[in-house]
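If you want the building blocks of each chain, they are given just below.
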Amino acid sequence: MSDATTQSNDLEIAIIGMAGRFPGAGSVAEFWENLKASRESIVPLSDDYLREHGVSEAELLDPDYIKVAGLLDEADHFDAILFGYSPREAELLDPQQRLFLECSWEALETAGYDSHRYEGPIGIFGGAGMNGYLLNLYSNPEVRSSASPYELFVSNDKDFLATRVAYKLNLRGPALSIQTACSSSLVAVHTACQSLLAGECDMALAGGVAVARHIGYRAQEGNILSHDGHCRPFDAEASGTVGGNGVGIVVLKRLNDALADGDTIDAVIRGSAVTNDGAHKVSYTAPQVDSQAETIFNALTAAEVSAESISYVEGHGTGTPMGDPIEIAALNLAFRRQTERKQFCALGSVKSNLGHLDAAAGVAGLIKT
């Protein structure tokens, strides 16, 4: 977040609508109330709940088994009739895709647009987490006997996340399912911005969704999961992260168009950047300082803002002993290319509130900011 009042470069993107569902929050408004109240939405799981979800007695008695999760209320609910689905079709559809479709519709509603009447092309860009629902379907003999493998494929594969929304909401711009693990939703936002600037669409929806069966976990030395059931980003007591469920979507439009159309503007994206570590890191899942620093510096350059004008950074902040220090080192390295000033920029991560939302992690942080 920048507090600079800089001149327009005609490359800014306006956020004109938002929708989301997060642990402890059925809407963006409830999400913000939780944040203002410093309310942690990672909740304890009862033994009865865990038994119902298949956790063994041995696991329940294990002192290293951490009984918490960031759960999403009513993740299995779906307004099938609104989108023209029969009960059987809805039953086969991955809950992640149901939620992404509902929130896409809701995001357009908050922006004040009817996609069936909007004249210009609208794009949709999004990513989803791992689909565990398909395993449930295949393990059900009744489903296997009544639904073809093709039906299960079309209802559950990640490839159809964006195009399904485009079909149901009549979106005629690019429809791209973008999968880059826990950066998926922010890469989707970046790609949507580039598509808008290239003139491929006049409006775009971007975000991500992740719904998994969170039933606690066994804490182990050296993995990314928290030893005490709390995620403490950038904190000396941090021992890792906690998994959570959620979905978030933002509606984007070129700033000049949003101003001309009288849209409500929640925020302005001045610039963004994407890079990759390549092979220059200690392991496949490890972060790397130089690559992160280059991405941050490239984003500052694209935005045409100075590091000193940044008053807040929403970090990835998983609370891991390796990841957080590398992220801070990368920020320092990028900022030091422009300034030697210190202690002017706050740093935080939404994961302290709701855990790590996988493919929806980045857009949750964007909506918070």
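Read on for a plain summary of the structure. Computed from a predicted structure; not experimentally measured.

Reading guide: rules and limits
- Residues numbered from 1 in each chain as written.
- Predicted model: local features only at pLDDT ≥ 70, side-chain atom pairs only at ≥ 80, totals over all residues.
- Heavy atoms only, no water.
- Axes fitted to C-alpha atoms, helices over the stretch in contact; angles between N-to-C directions.
- Helix = DSSP H or I, 4+ residues; strand = E, 2+ residues; numbered from the N terminus.
- Parallel < 35°, antiparallel > 145°, perpendicular 65-115°, else oblique.
- Left-handed = near helix turned anticlockwise from the far one by under 90°.
- Contact = heavy atoms within 4.5 Å.
- Salt bridge = Lys/Arg side-chain N within 4 Å of Asp/Glu carboxyl O.
- Buried < 20%, exposed > 50% of the residue type's maximum accessible area, 1.4 Å probe, protein only.
- Nonpolar A, V, L, I, M, F, W, Y, C, P; charged D, E, K, R; others polar.
- Patch = residues over 30% accessible without salt bridge, like charges linked within 9 Å, V, L, I, M, F, W, Y side chains within 5 Å.
- Areas by Shrake-Rupley, 256 points an atom, 1.4 Å probe, with all protein chains shown as cover.
- Polar contact = N/O pair within 3.5 Å; in protein donor to acceptor, adjacent residues only side chain to side chain.
- 1 Å grid on protein atoms, 1.4 Å probe; cavity = no way out; pocket = protein on both sides within 12 Å on 5 of 7 lines; lining within 4 Å.
- Points joined across faces, edges and corners; volume = space filled by probe spheres on them.
- Pairing = 2+ DSSP bridges.

Considering the packing of helix α12 (residues 289-303) against helix α13 (residues 323-336)
Point 1. Viewed as axis vectors pointing N to C, α12 and α13 meet at an angle of 45 degrees, and their least axial separation amounts to 8 Å. Relative to α13, α12 is oriented oblique. Handedness of the α12/α13 crossing: right-handed. Here V289, D290, Q292, A293, I296, F297 and L300 of α12 come into contact with α13, specifically with I326, E327, A329, A330, L331, L333, A334 and F335.

Concerning the pattern of salt bridges
Point 1. According to the stated counting rule, one finds 17 salt bridges in the structure shown.
Point 2. Close ionic contact of R254 with D202 constitutes a salt bridge, the shortest N to O distance being 2.8 Å. Residue R254 is located in strand β9 (residues 246-254), and its partner D202 is located in the loop between α10 (184-197) and β7 (203-210); the two are separated by 52 residues in the primary sequence.
Point 3. Residue classification places D202 among the partly exposed positions, given a relative accessible area of 24%.
Point 4. Measuring nitrogen to oxygen at the nearest pair gives 3.3 Å for the salt bridge that ties R337 to E294. Highlighted residues: R337 in the loop between α13 and β12 (346-348) and E294 in helix α12, separated in sequence by 43 residues.
Point 5. It is possible to trace a salt-bridge network through shared partners that takes in D48, R51 and E57.

Considering unusual backbone geometry
Point 1. One non-glycine residue, N170, lies in the positive phi region at around 60 degrees.
Point 2. Relative to the assigned elements, N170 resides in the loop between α9 (161-169) and β6 (175-177).
Point 3. Unlike most non-glycine residues, A181 shows phi in positive territory, near 60 degrees.
Point 4. Mapping A181 onto the fold places it in the loop between β6 and α10.

Quick notes on the packing of helix α1 (residues 28-36) against helix α15 (residues 361-368)
Point 1. At a closest axis distance of 11 Å, the pairing of α1 and α15 adopts a crossing angle of 75 degrees. Between α1 and α15, the interaxial angle falls into the category roughly perpendicular. Taken together, the residues of α15 that come into contact with α1 (itself represented by V28, F31, W32 and L35) are A364, I367 and K368.
Point 2. Taken together, the residues that form the contact of α1 with α15 break down as six nonpolar, no polar and one charged.

Some points on a nonpolar patch on the surface
Point 1. There is a patch of nonpolar side chains on the surface, built from L259, I265 and V268 and spanning about 240 Å² of accessible area.
Point 2. By relative accessible area, which is 30% here, I265 ends up partly exposed.

A closer look at α15
Point 1. By the criterion of burial, α15 is predominantly enclosed, with seven of the eight residues buried.
Point 2. Buried within α15 we find A361, G362, V363, A364, G365, I367 and K368.

Describing the side chain of S309
Point 1. In this fold, S309 is placed in the loop between α12 and β11 (312-314).
Point 2. Classification of S309 as buried rests on a relative accessible area of 9%.
Point 3. A polar contact is formed between the side chain of S309 and the backbone oxygen of S306, at a distance of 2.7 Å.

Focus: the layout of surface pockets
Point 1. Within this model, the second largest pocket holds a volume of roughly 310 Å³.
Point 2. In terms of lining residues, the second largest pocket is bounded by 13 residues, among which L331, N332, F335, Q343 and C345 are the most central.
Point 3. If you list the elements that add at least two residues to the lining of the second largest pocket, you get α13 and β12.
Point 4. With five residues, α13 is the single largest residue contributor to the lining of the second largest pocket.
Point 5. A class-by-class count of the residues in the lining of the second largest pocket yields eight nonpolar, two polar and three charged.

Some thoughts on the pairing of β9
Point 1. For β9, a buried count of nine out of nine residues is recorded, marking the element as mostly surrounded by other parts of the structure.
Point 2. Of the two faces of β9, both are covered, the one formed by G246, G248, V250, L252 and R254 as well as the one formed by V247, I249, V251 and K253.
Point 3. With eight bridges connecting them, strand β1 (residues 13-21) and β9 associate as antiparallel partners. Looking at β9, one finds that A14 is bridged to K253.
Point 4. Taken together, the seven bridges between β7 and β9 define a ladder with antiparallel strand orientation. Counterpart to G208 in the pairing with β9 is G248.

With respect to the sheet that holds β6
Strand pairing in a sheet relies on backbone hydrogen bonds, with the paired strands running either antiparallel or parallel.
Point 1. Read across the open sheet, the six strands follow the order β6-β5-β7-β9-β1-β10; overall the sheet is mixed. With partners counted over all chains shown, the strands left at the sheet margins are β6 and β10 (267-269), one partner each. With direction set aside, neighbouring strand axes in the sheet form an average angle of 25 degrees.
Point 2. The strands touched by α15 within the sheet are β1, β7 and β9, with β9 carrying the most contacts at an inclination of about 60 degrees.

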